[in-house]
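Survey of secondary and tertiary structure
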Amino acid sequence: IVHAPNTSAVIFPTSGVYLITISAQLGETVAGSTNIDFWIRLNGADVPRTNSRTNVTLATDVRIASISILMRLNAGDQIDLFQSVSAIGRGAGLL
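Residues numbered from 1 in each chain as written. Predicted model: local features only at pLDDT ≥ 70, side-chain atom pairs only at ≥ 80, totals over all residues. Heavy atoms only, no water.

Considering the overall build of the protein
From N to C terminus, the protein includes zero helices and nine strands. When its helices and strands are written in sequence order, the protein yields β-β-β-β-β-β-β-β-β. In terms of overall dimensions, the protein has C-alpha extents of about 45 × 25 × 20 Å along its principal axes. Within the protein, the proportion of its 95 residues that are buried is 36%. Across the protein, the fraction of contacts at a sequence separation of at least 24, relative to all contacts at a separation of at least 6, is 70%. Carbon and sulfur atoms form 54% of the exposed surface of the protein, whose accessible area is close to 5,600 Å². Positive and negative charge centroids in the protein, built from 6 and 6 side chains respectively, lie 6 Å apart. (Helix = DSSP H or I, 4+ residues; strand = E, 2+ residues; numbered from the N terminus. Buried < 20%, exposed > 50% of the residue type's maximum accessible area, 1.4 Å probe, protein only. Contact = heavy atoms within 4.5 Å. Areas by Shrake-Rupley, 256 points an atom, 1.4 Å probe, with all protein chains shown as cover. Lys, Arg positive; Asp, Glu negative; His and termini not counted. Charge placed at Lys NZ, Arg CZ, Asp CG, Glu CD.)

Below you can see the structure in the form of structure tokens.
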């Protein structure tokens, strides 16, 4: 497994079935109810049923969220982790 420097890309040089587990610290710097979503993309396409949503409300909130999935991957496949937030300007997202 190769992680390309300065990118989110994780590349799998060997075909097989992989257990992918991602854990992330989530939070915000300005108080307010904010949903933070993160999910996996495979070769540029969202992977169904990999979204994890966490709600934070305080500037001191730090939550741990995770995704675990078995994936059949081909040699050269690339996965990336993406995120979105329900409100901008609160410094919300992956810590």
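With respect to the pairing of strand β8 (residues 77-85)
Across three bridges, the pairing between strand β2 (residues 10-12) and β8 is antiparallel. Within the sheet, the bridge partner assigned to F12 lies in β8 and is D77. Note: strand β4 (residues 34-42) against β8, seven bridges, orientation antiparallel. Bridge pairing in β8 links F38 to Q83. (Pairing = 2+ DSSP bridges.)

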